[in-house]
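Structural overview for review
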Amino acid sequence: MLPYQKRELKLLGDLARSICAEIHLLYVSKFQQETLRQREHKMAVLEQFYNIKVTEHFEEMDDKAEAIQKLIPQLNIDLLVLVNSRHSYLENLLYTSTIDKIGFDPKIPFLVLQNFHRL
């Protein structure tokens, strides 16, 4: 639901283009249908990934970390990239972030991009 900053996407796009990599976008939700806002954000993402093969995937699950771990071997993923978004104090107390779940036992190189401008 949150838009990505262009600098995050540019960094990833430049990296992928420099090594002729393919990008897999994963959408994890209990609801398959995208909202208009999600579609607009996705189009902004795809605009930054020009000249790159991009494949979209959908997993109907509750646990994002589980969905990611499931697809890594299936798609032969070599690098996992996630963007860390800020959470409220209460969210930090109640939920374990996806980055924390994966980061404790990464099976492949794991790049976490930080966006300090998100609210």
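Quantities reported herein were computed from a predicted structural model and do not represent experimental measurements. (Residues numbered from 1 in each chain as written. Predicted model: local features only at pLDDT ≥ 70, side-chain atom pairs only at ≥ 80, totals over all residues. Heavy atoms only, no water.)

Within the protein, the regular secondary structure consists of five helices and four strands. Sequence-ordered secondary structure for the protein, helices as α and strands as β, is α-β-α-β-α-β-α-α-β. Residues counted as buried form 28% of the 119 residues belonging to the protein. Element-wise, carbon and sulfur atoms account for 56% of the exposed surface of the protein, whose accessible area totals about 8,600 Å². (Helix = DSSP H or I, 4+ residues; strand = E, 2+ residues; numbered from the N terminus. Buried < 20%, exposed > 50% of the residue type's maximum accessible area, 1.4 Å probe, protein only. Areas by Shrake-Rupley, 256 points an atom, 1.4 Å probe, with all protein chains shown as cover.)

On to the environment of Glu66. The residue Glu66 is located in helix 3 (residues 64-75) in this model. Looking at Glu66, the relative accessible area reads 44%, which means it is partly exposed. Linking Glu66 and Val28, residues 38 residues apart in sequence, is a C-alpha distance of 9.9 Å.

What follows concerns the confidence of the model for the protein. For the protein, per-residue confidence averages 79 on the pLDDT scale, and residues scoring 70 or more make up 74% of the total. Averaged over each element, pLDDT in the protein is lowest for helix 4 (residues 89-94) (51) and highest for strand 2 (residues 54-59) (93). (pLDDT = per-residue confidence, 0-100.)

Attention now moves to the packing of helix 1 (residues 6-18) against helix 2 (residues 36-48). Between helix 1 and helix 2, whose axes approach to 9 Å, the crossing angle comes to 40°. It follows that helix 1 is oblique to helix 2 by the angle criterion. Where helix 1 crosses over helix 2, the handedness of that crossing is right-handed. Across the interface between the two elements, Lys6, Leu9, Lys10 and Arg17 from helix 1 touch Ala44, Val45 and Gln48 from helix 2. Grouping the amino acids of the contact of helix 1 with helix 2 by side-chain chemistry returns three nonpolar, one polar and three charged. (Axes fitted to C-alpha atoms, helices over the stretch in contact; angles between N-to-C directions. Parallel < 35°, antiparallel > 145°, perpendicular 65-115°, else oblique. Left-handed = near helix turned anticlockwise from the far one by under 90°. Contact = heavy atoms within 4.5 Å. Nonpolar A, V, L, I, M, F, W, Y, C, P; charged D, E, K, R; others polar.)

For the rest of this paragraph, the subject is the nonpolar core. Of all hydrophobic cores here, the largest spans seven residues; its members are Leu9, Leu12, Ala16, Ile23, Val45, Phe49 and Ile52. No other element matches helix 1, which puts three residues into this core. Ile68, Ile72, Ile77 and Ile108 belong to the second-largest nonpolar core, a separate cluster that totals six residues. (Core = buried A, V, L, I, M, F, W, Y, C linked by side-chain atoms within 4.5 Å.)

Together, Leu15, Ile19 and Leu79 give the surface a local cluster of nonpolar side chains, amounting to about 250 Å² of exposed area. Along the chain, Leu79 falls in the loop between helix 3 and strand 3 (80-84). Residue classification places Leu79 among the partly exposed positions, given a relative accessible area of 35%. (Patch = residues over 30% accessible without salt bridge, like charges linked within 9 Å, V, L, I, M, F, W, Y side chains within 5 Å. Salt bridge = Lys/Arg side-chain N within 4 Å of Asp/Glu carboxyl O.)

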